[in-house]
Amino acid sequence: MKMKKLVAAALAMAMALSLAACGGGQKPPAQSNQPSSGSQAPAQSGTPAPGGATEITAWIYPVGGWQDENNVKSLIDQFTADTGIKVNLEWLAYADGDDKVNTAITANNAPDLIMEGPERLVANWGAKGYMVDLSDMIDDTDKSEINAAALAACTSTDGKVYQYPMFITAHCMGINLDAFKAAGADQYLDLDTHTWTTENFIKAVDALYAKKGDTVAAVYCKGQGGDQGTRALINNMYGGTFTNAEHTQYTWDDPNNIKALEQLKSMPGIAFDASLEGGDELKLMYQEILDMAFCWNIAQQLDPAVAGTGAGKTINGQEIVCMNFPSPDGTPVLQGGIWGLGIFNNGDQGKIDAAKQFVKYMCDSEHAAEAAKISNFFSARTAAEGTDLSNIFADNAIMTDYNKVILPNLGDYYQITTGWASARTEWWNMLQKVGKGEDIAASVAEHLANANAAAG
């Protein structure tokens, strides 16, 4: 399917979707970009906040179920009742959230708390000295309970913890299983482990294209939305890397990445589409225009009902299943999402202490299970203060399966590499050039050099 046909079909079948952004959670409802009207009234009783601070502000990026005030209101109200601390919530959009935070920092008006990932809280604002070190909140027991990769990503190179991890996920692929079966391509899937080899991925795309005569999947590159999917696809196909292990340099000129790009560009069933981002790809997947999506995670698998489809279904009821990215031997390394809370150092120790109470309540208490379940992601720790968090979704077959076959393949969280924002821009610009037919090695070299220059 040509680019124009993809876009035309998408417009013709336009649906009122509010899809998970696949680059860090779901987009919030329009009204959520405004501060809370104060529904979390301060309790008249409860333990007074340290230092006399009885009111704090938290800014929330659109992370899973935490994007919706209706989901979190009862938990926030309970925190207020238990502590006497009122919490004013404001939801940020990824489109302009960073600008709002940076403007607030410049104006000495940053929020007390913020929820997002290490690329912002650790590698950006933490590295610049704006965040409070939370390492005093994490003892040896906590270290044994918190996912090691998550804690490492939330810790700076000098040992300061600028983000307390709350929940994690691993990004993967989604495929239209009915379309695969119709094309005889399901023979190339291991549906027990939800894995496939690169060889079988290529065979499956060929079979689907032979049946359909049209585009099977899109390497979307309009912008950075959902770019973890294209990175994981290209890195996994032949075992390439995106950064070095020290997270000081970008390495996507790895010959294995060049090989993957060359392979993808040569396949008639794969389109490099500069009109699509990850969310656009998902729409085409739900509409059965594409047979697979590289921008997928548990948020879509659990509840694409925002598309009016029901869990794990397309608009016509065809079955969508999650798959690991293809790799030479079927052993994938997945990109992850790690989210948690950080505290801005605004010079008010009373508010810092009150914010720490909030962090403790949500991340390391009996309430941590509810906080994680609201997200629709997995807890970043196995237990908290005697509460088992290892399988909080035991009653949900989809989550249980995902926890078994997808989450264990979580790989290195390299998004904390310096110059990350610039690197993401260079990546999708590079993919656009590949899509236009420009020399692959030269395009990679050019944009990699720009990314490493930004990384210093």
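Residues numbered from 1 in each chain as written. Predicted model: local features only at pLDDT ≥ 70, side-chain atom pairs only at ≥ 80, totals over all residues. Heavy atoms only, no water.

## As for the overall build of the protein chain
Along the protein chain, the regular secondary structure elements total 17 helices and 13 strands. In the protein chain, which comprises 456 residues, the share counted as buried stands at 57%. If you sum the accessible surface of the protein chain, you get close to 17,300 Å²; carbon and sulfur atoms cover 48% of it. (Helix = DSSP H or I, 4+ residues; strand = E, 2+ residues; numbered from the N terminus. Buried < 20%, exposed > 50% of the residue type's maximum accessible area, 1.4 Å probe, protein only. Areas by Shrake-Rupley, 256 points an atom, 1.4 Å probe, with all protein chains shown as cover.)

## Describing the pairing of strand β2 (residues 86-91)
The element β2 is extensively covered by neighbouring structure, given that 6 of its 6 residues are classed as buried. What you see with β2 is no split at all: Lys86, Asn88 and Glu90 on one side and Val87, Leu89 and Trp91 on the other are buried throughout. Where strand β1 (residues 55-60) meets β2, 6 bridges bridge the pair, whose relative direction is parallel. Looking across to β2, one finds that Thr57 is bridged to Asn88. Since β1 and β2 lie parallel, the crossover through helix α2 (residues 69-83) that links them has a hand, and here it is right-handed. (Pairing = 2+ DSSP bridges. Right-handed = clockwise from strand over helix to strand, strands pointing away.)

## Topic: the side chain of Gln163
As for its position among the elements, Gln163 is in the loop between α6 (148-153) and β4 (164-170). For Gln163, the contacting residues outside a window of four places in its chain are Glu116, Gly117, Pro118, Leu121, Val122, Leu134, Cys154, Ile338, Trp339, Gly340 and Leu341. (Contact = heavy atoms within 4.5 Å.)

## What to know about the sheet that holds β4
Taking strand neighbours across the sheet as the criterion, the 6 strands line up as β2-β1-β3-β10-β4-β11 in an open arrangement whose pairing is mixed. Since the sheet does not close on itself, it has two edges, and those belong to β2 and β11 (378-379), each with one partner. Two strands pair when backbone bridges link them, and β4 and strand β10 (residues 336-343) are joined in this way by 6 bridges, in the antiparallel orientation. When the sheet's bridge partners are listed, Ile168 is paired in β10 with Ile338. Of the strands in this sheet, β3 (113-116) and β10 touch helix α4 (residues 118-126), which is tilted by about 120° from β3. (Axes fitted to C-alpha atoms, helices over the stretch in contact; angles between N-to-C directions.)

## A short note on the pattern of salt bridges
In this structure the tally under the stated criterion is 14 salt bridges. Where Asp142 meets Arg381, a salt bridge forms, and the shortest distance between an N and an O atom there is 2.8 Å. In this pair, Asp142 sits in helix α5 (residues 140-145) while Arg381 sits in the loop between β11 and β12 (383-384), placing the two residues 239 residues apart along the sequence. Take Asp142: its relative accessible area is 3%, and that puts it in the buried class. Within this structure, Asp142, Glu145, Lys360, Asp364, Arg381 and Glu385 form a network of salt bridges that share partners. (Salt bridge = Lys/Arg side-chain N within 4 Å of Asp/Glu carboxyl O.)

## Quick look at helix α8 (residues 198-212)
Between its first and last C-alpha, α8 extends 21 Å over 15 residues, near the 21 Å set by a 1.5 Å rise per residue. Looking at α8, one finds that the buried residues are Thr198, Phe201, Ile202, Ala204, Val205, Ala207 and Leu208. Tucked into the core, α8 has its buried residues touching α7 (177-182), α9 (227-238), α10 (255-266), β7 (270-273) and β8 (292-296). Looking one or two residues beyond α8, the residue adopting positive phi is Gly213, at roughly 70°. (Expected span 1.5 Å × (residues − 1).)

## Digging into the confidence of the model for the protein chain
Model confidence for the protein chain is summarised by a mean pLDDT of 88, while 87% of its residues fall at 70 or above. Long-range and interchain partners of residues 1-50, a stretch whose pLDDT sits below 50, account for 129 contacts in this model, where long-range means more than four residues apart. (pLDDT = per-residue confidence, 0-100.)

## Digging into the nonpolar core
If you look at the biggest cluster of nonpolar residues, it comprises 148 residues, and the most contacted ones within it are Trp66, Ile114, Trp196, Phe201, Trp252, Met292 and Met362. For this core, the leading source of residues is helix α13 (residues 349-363), giving 8 residues. Look past the residues within four positions of Phe201 in its chain and what remains in contact with it is Trp196, Leu233, Met237, Leu264, Met267, Ile270, Met292, Phe294 and Pro326. (Core = buried A, V, L, I, M, F, W, Y, C linked by side-chain atoms within 4.5 Å.)

## Observations regarding the sheet that holds strand β5 (residues 172-176)
Taken together, 3 strands build an open sheet; the order of strands is β8-β5-β9 and the sheet is antiparallel. For this open sheet the edge positions go to β8 and β9 (320-323), each flanked by a neighbour on one side alone. The sheet shows a mean angle of 30° between the axes of neighbouring strands, taken without regard to direction. Sheet topology note: the β5/β8 ladder contains 3 bridges and is antiparallel. Bridging across to β8, Gly174 finds its partner in Ala293.

## Observations concerning helix α16 (residues 420-435)
Spanning 16 residues, α16 covers 23 Å between terminal C-alpha atoms, matching the ideal 22 Å at 1.5 Å per step. Of the positions making up α16, those classed as buried are Trp420, Ala423, Arg424, Glu426, Trp427, Trp428, Met430, Leu431, Gln432, Lys433 and Val434. Backbone geometry just after α16 places Gly437 at a positive phi near 95°.

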